[in-house]
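Remarks on the overall topology
Okay, here's what each chain looks like letter by letter:
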Amino acid sequence: MRYASIDVLRTVAIALMILVHFLENLSGVTWAPAGLGAPLFAFLSGLNIRIWTLSLEAKGITDEAIRRIAVRRGLFLFVLGIAFNVLVWLPSDTFNWDVLTMIGTAMVALAFLRGLPSGFLAFVCAVVFVLSPFLRIQADYASHWTNGYFESETTLPDVLIGYLSTGYIPLFPWIIFPIVGHIAGSYLFHRPTDGEATPRSVRPLVTYGVCFLAISVFLRVIRDALPDPIPTKLVMGWTMFPASPEYVTGLLGIALVSFGILHVGIDRRDCLRRVPAILNVTRTMSQYSLTVYLLHHILHLWPLWIYGTLFGTEATEFWHSAMPVAVSGPLALGCFAACSVLFRQMRRREWPSVESLMRWLCD
Amino acid sequence: VGAAGRILAELPFPLNRRAIALLSGDATPAEMELLSVPFENPEDAELIARVREWIAVGASAPQMITFQGAQLFWGAGRAAVIAPQSRLTALEVLLAELAYFELEIGAIEKSLGGFWPDLEADAGPAFELDERTHRNRKKLGERFRQLLGLRARLTRILPFVQTPHVYPPTLASQVSERLRERLRMEHRIEILQQQLDVFERIYDACGTRVSEFTASKKGHLLEMIIIVMLAAQTMLVLFEVLTIARN
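Residues numbered from 1 in each chain as written. Chains lettered and ligands numbered in written order. Predicted model: local features only at pLDDT ≥ 70, side-chain atom pairs only at ≥ 80, totals over all residues. Heavy atoms only, no water.

**Some remarks on the overall build of chain B**
The helix and strand tally for chain B stands at six helices and six strands. Since a compact globule built from 247 residues should have a radius of gyration of about 18 Å, the 30 Å found for chain B marks it as more spread out than a globular shape. Its C-alpha atoms give chain B principal-axis dimensions of roughly 115 × 40 × 30 Å. Partitioning the contacts of chain B with sequence separation of at least 6, the portion at a separation of at least 24 is 67%. Working note: accessible area of chain B is about 14200 Å², and carbon and sulfur atoms make up 57% of it. (Helix = DSSP H or I, 4+ residues; strand = E, 2+ residues; numbered from the N terminus. Rg over C-alpha atoms; globule rule 2.2 N^0.38 Å. Contact = heavy atoms within 4.5 Å. Areas by Shrake-Rupley, 256 points an atom, 1.4 Å probe, with all protein chains shown as cover.)

Take a look at the structure:
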């Protein structure tokens, strides 16, 4: 079952991601909505795990088989994340812990946790949320970051600490997003056998979202009044690296509210029925989101590395300074448009993609 | 039969039902059509043939009883009586009562028949319950409640269908006994009771399994919460060890 609201939201995340990556990697410009894409992506992955497992259950696949498939898919994503780091970010960044390794881990975790009550999953999220700043303090987060970038030694302690707490997208606290996505999915989407004929109201989701946003604003407002070391170590302001409590609660709020509103507007009231072209684009981009993620990195980073190798002293010499925003911005838009056309062709001609490879290997 | 709205029969306590005459064009279709013919000579061959023809519509083998000058016919959704006027009212009441019992038994048989596919699916959980079946516990409970409802309906008509012979016998009591025998009411009720026993045994076991599963799930949840707390503590310790190792 596909939900157009999820497709739209994921396409927004993809568009933001492409734009942010092009601007940052090619021009060194950190754009304001830079931190929106990854949390939305992670939230939607949790939501999708719920919808996907429901569809498997509807086909009569046993819980045990579903768990095995989910674990295989999670491991596939994890390995793909490592391979992506090696091939795209070059071997020195093998263990920078990006979004794929986090989503892969979350998928494995949800394969085992998905049968548990949503209240328990919320409790796990709360524990992760509370624990995360203390783990960062314990790990001395700042010592893992040089000039605003994650630098890690290839030693077991560094790799583990990076994976859990100090990498780009570490488990603590990022795993909260897919788990909350799964909780939202469990609330909204049911098995036909559950006997609920009428769809549930999205109001609780939106209410929780607004509460999260309020917490985020509250933390931001009281931050300055808090005694040291709370503002420097715990409530750190709106930062993605590390994902501060304000950032996590704010993004959870945005994800829940935007999904709730879009679900009502698009899935239930069919507001976009008069613009099928938009639905077509969002469906295509959403269907190939994993391939887009990999492809857009390859499209803008490999030429940068090759150019740096040929005309500079090292491959990464022109990273952040290859071109002005006036060029990288239109390039990002062009990349989005090209991906949209390419994937429509791929769908029509049933060409293989990373998603189809994952299904072939894991299902 | 007669004017619309006329009460044909008032069924005894605790049935609390009334048989009411309806017009043929009434919006609510009658559950039983009753043809009541006052006739001093019930042996009239032509009349009997016409009534037989009427009663045979939709019935494969209509029943006919001749008793003390009264002719009674029973078909699918139709009954007819030819009797002298003085006996007609008693026989009408009798047919209305029997119609109610027959309809009740038929309805219970039909409902129970619809439960068999579910029963086959639910026989497994009666022995062992898994997570997916536990999620269907509301449906299991609903089926159990429906079965109890059927059992209650059956038990309510039981004293009237399995009634001993009335003494001194009357025309109505004797005709009633014969018609109940012809319609195999007691036998059908016995079969229904046996079937309900099987259903109840299975759903009773399902209920026990669901309760056990729910209780163990709550216990597991508490254990899981403790495990999460321990995992959090372990994580802090692990980080301490990793940080020391790193430095």
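**Remarks on the interface of chain A and chain B**
Contacts between the two partners involve 31 residues from chain A, matched on the other side by 21 residues from chain B. A combined buried area of about 2300 Å² lies between chain A and chain B, and 68% of that area is made up of carbon and sulfur atoms. On inspection of chain A and its partner chain B, the count reaches one salt bridge. For the salt bridge of Asp158(A) with Arg246(B), the shortest nitrogen-to-oxygen distance reads 2.4 Å. Linking chain A with chain B are four residue pairs in polar contact (both at pLDDT 80 or more). Only α3 (63–88), α5 (118–139) and α6 (156–166) of chain A provide two or more residues apiece to the side of chain A that touches chain B. Ranked by the residues each element gives to the side of chain A that touches chain B, the list is headed by α5(A), at nine residues. Taken together, the residues of the side of chain A that touches chain B break down into 18 nonpolar, eight polar and five charged. (Buried area = accessible area lost by both parts, 1.4 Å probe. Salt bridge = Lys/Arg side-chain N within 4 Å of Asp/Glu carboxyl O. Polar contact = N/O pair within 3.5 Å; in protein donor to acceptor, adjacent residues only side chain to side chain. Nonpolar A, V, L, I, M, F, W, Y, C, P; charged D, E, K, R; others polar.)

**So, the nonpolar core**
Within soluble globular proteins, side chains that are nonpolar tend to cluster in buried spots. With 109 residues, the main nonpolar core has Phe43(A), Trp174(A) and Phe259(A) as its most contacted residues. Discounting residues that sit within four places of it in the chain, Phe259(A) has contacts with Ser5(A), Ile6(A), Leu9(A), Phe43(A), Leu47(A), Leu188(A), Phe189(A) and Leu205(A). (Core = buried A, V, L, I, M, F, W, Y, C linked by side-chain atoms within 4.5 Å. Buried < 20%, exposed > 50% of the residue type's maximum accessible area, 1.4 Å probe, protein only.)

**Some details on the packing of α5(A) against helix α11 (residues 245–268) of chain A**
Residue and element names in this part refer to chain A. Axis separation between α5 and α11 bottoms out at 10 Å; the angle between their running directions is 150°. Relative to α11, the element α5 lies roughly antiparallel. The hand of the α5/α11 crossing is right-handed. Along the contact surface, α5 presents Phe129, Pro133 and Arg136, while α11 presents Pro245, Val248 and Thr249. (Axes fitted to C-alpha atoms, helices over the stretch in contact; angles between N-to-C directions. Parallel < 35°, antiparallel > 145°, perpendicular 65-115°, else oblique. Left-handed = near helix turned anticlockwise from the far one by under 90°.)

**Brief notes about unusual backbone geometry**
For the bond running from Asp228(A) to Pro229(A), omega is 10°, close enough to zero to count as cis. Inspection of the secondary structure assignment puts Pro229(A) in the loop between α9 (203–223) and α10 (230–234). Of the consecutive residues Phe13(B) and Pro14(B), the connecting peptide bond is found in the cis state with omega at 5°. Tracing the backbone through its elements, the reader meets Pro14(B) in the loop between β1 (7–10) and β2 (18–20). You will see that Trp97(A), though not glycine, has its phi angle at about 55°, which is positive. Tracing the chain through its elements places Trp97(A) in the loop between α3 and α4 (99–113). Of note, Asp140(A) is a non-glycine position whose phi angle comes to about 55°, a positive value. For Asp140(A), a relative accessible area of 41% puts it in the partly exposed group.

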